[in-house]
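The lines below spell out each chain.
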Amino acid sequence: MGPQDLREAQPAEDTAVGLRAIGDELSDRFYERADVVRTLLVTLLAGQHSLLLGPPGTAKSEMARELTGRIEGASYWEILLSKFTAPTRMFGPIDVAALARGEYRQVYDGRATTAHVAFIDEIFKCSTAALNETLGYLNERIYHPESGGEPVRCPLIGAITASNELPDGEDSAAIYDRLLVRIEVKYLEDPSNFAALVRSAVSRPAAPTRTTVELAALRRAVAEHVPAVDVPDLIVDAVCTLRAALRRRELVASDRRWRQAVGLLQASAYLDGRRSVTENDLSVLTHVLWNSPAERPAVEREVLHLVNPDAKEALDLADTIDELEAQLDAMAGQSREALSEWVITKAHHQLATAGRRLERLREEAVGAGRSTSAVDRVTGRQRAVRARVLTEALGVDASAVQAQL
């Protein structure tokens, strides 16, 4: 590698390092959101749009603001849509002063037309009047002015959208199809994390570390460095195998979605500092290949089986953990004695056994150089359910649970 190559490679590496640091900082701030944060970063690097699907109050907009705030020089725009939102409110209001002079023009500053990252809440409530312009904005990064004339080229890198529900009509389904990445966001599951959240509302922590990256560096990563990541034939074969496995389950994604997903694999590798896609990067597809949340577990199982041999056992352990949580829910209202007996005779042993096995699976994955993301997700579930058992069945204070996990 010559001197010029070194000068060009270093900024690319620095940008990836900075983005990883941002991901770590946001994951520390937003409890149980590490996978969400990483997926948003990967989606942005791929120049694609994401959907955060979940109930209100799950930090969807706050994560979008925090992420964009770490990109120095980036313009951020957000809006809460309704069925009555006019296109001019999104893309630029009429210039009243110019109108008084007989000129019809729009003011674009501070609107979607000038944003590098956009957060669009309640995306499926987009009005019929704004539908075509919104689709053009997401698809082609252009806006057609109200007065006609040349389309306005928008600097949008990617949109982060949010909704409490799935689309219920053809118009909103057209938007849904344009959102490549779909991420479920739920309320906090682990009582100890919830206790930490409550404490954070009254405590005055020291100012957190705040890593940033330059907008120009991010744009160069999106336009040059990510597309340059190699996609080996082994990965192409794995994607073909995955498509066949999902079709056997009648889970069908469009050819366009599969093609766009390749960019996500490249972005995932780039974010991890690699110049070639590996099987570990396929895990991001768990957020791409489902249409309804009911399909997501089947997609996740097929993807993770393909990623590494640890996944199957980890997912089997997840099934056991989910069964225990369902039993805990079913026992609501029973006496403390009955709950304690259930914990002693069943729950404690199964959760402890699952925890030990997950630790060993993680050690094996690390030793073999495989991704630990699947094992880590199941470990998070194991800790959350064990914390619920301690607090709800045995009456342990939530603030004291963390020390016992």
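This one's a predicted model, so the numbers in the text were calculated from it and none came from an experiment.

Some remarks on the overall build of the protein
Link 1 in the chain: When its secondary structure is counted, the protein shows 16 helices and nine strands.
Link 2 in the chain: Against the globule reference of 22 Å for 405 residues, the protein gives a C-alpha radius of gyration of 23 Å, in line with a compact fold.
Link 3 in the chain: Considering only C-alpha atoms, the protein reaches an extent of 80 × 55 × 50 Å along its principal axes.
Link 4 in the chain: Of all 405 residues assigned to the protein, the portion counted as buried reaches 46%.
Link 5 in the chain: Across the protein, contacts joining residues at least 24 apart in sequence account for 75% of those joining residues at least 6 apart.
Link 6 in the chain: Accessible surface, the protein: about 19,700 Å² in total, of which carbon and sulfur atoms supply 51%.
Link 7 in the chain: Computed over 48 positive and 59 negative side-chain charges, the inter-centroid distance for the protein is 1 Å.

Some thoughts on the nonpolar core
Generally speaking, soluble globular proteins have nonpolar side chains that are buried together.
Link 1 in the chain: L45, Y137, I175, L285 and L289 are the most contacted members of the largest nonpolar core, which totals 91 residues.
Link 2 in the chain: Counting residues per element, this core draws most heavily on helix α11 (residues 255–271), at eight residues.
Link 3 in the chain: Leave out the neighbours within four places in its chain, and L45 touches L19, L218, A221, V222, V226, A267, Y270 and L271.
Link 4 in the chain: Among the nonpolar cores identified, the runner-up in size contains 20 residues, and A318, W342, L361 and V385 belong to it.

Side note on helix α6 (residues 128–140)
Link 1 in the chain: In a regular helix each residue adds 1.5 Å, so 13 residues correspond to 18 Å; α6 covers 19 Å between its end C-alpha atoms and thus fits that length.
Link 2 in the chain: Among the residues of α6, those classed as buried are A130, L131, E133, T134, L135, G136, Y137 and L138.
Link 3 in the chain: On its buried side, α6 packs onto α4 (87–91), β4 (117–121), β5 (142–143), β7 (158–163) and α7 (170–178).
Link 4 in the chain: After α6 finishes, the residue R141 shows a positive phi value of roughly 60 degrees.

A closer look at the confidence of the model for the protein
Link 1 in the chain: Chain-level statistics for the protein give a pLDDT mean of 88 and a share of 93% at 70 or above.
Link 2 in the chain: The low-confidence segment residues 1–9 (pLDDT under 50) makes six contacts with residues lying over four places distant or belonging to another chain.

As for the pattern of salt bridges
Link 1 in the chain: Inspection of every chain in the model, using the stated rule, returns 32 salt bridges.
Link 2 in the chain: Between R388 and E325 there is a salt bridge whose closest N-O contact spans 3.0 Å. With R388 in helix α15 (residues 373–393) and E325 in helix α13 (residues 310–330), this residue pair connects regions lying 63 residues apart in the sequence.
Link 3 in the chain: Judged by its relative accessible area of 13%, R388 falls in the buried class.
Link 4 in the chain: The class for E325 is buried, based on a relative accessible area of 15%.
Link 5 in the chain: A salt bridge links R388 to D329; the shortest N-O distance between them is 2.7 Å. Taken as a pair, R388 in helix α15 and D329 in helix α13 lie far apart in primary sequence, 59 residues in all.

Criteria and thresholds
Residues numbered from 1 in each chain as written. Predicted model: local features only at pLDDT ≥ 70, side-chain atom pairs only at ≥ 80, totals over all residues. Heavy atoms only, no water. Helix = DSSP H or I, 4+ residues; strand = E, 2+ residues; numbered from the N terminus. Rg over C-alpha atoms; globule rule 2.2 N^0.38 Å. Buried < 20%, exposed > 50% of the residue type's maximum accessible area, 1.4 Å probe, protein only. Contact = heavy atoms within 4.5 Å. Areas by Shrake-Rupley, 256 points an atom, 1.4 Å probe, with all protein chains shown as cover. Lys, Arg positive; Asp, Glu negative; His and termini not counted. Charge placed at Lys NZ, Arg CZ, Asp CG, Glu CD. Core = buried A, V, L, I, M, F, W, Y, C linked by side-chain atoms within 4.5 Å. Expected span 1.5 Å × (residues − 1). pLDDT = per-residue confidence, 0-100. Salt bridge = Lys/Arg side-chain N within 4 Å of Asp/Glu carboxyl O.

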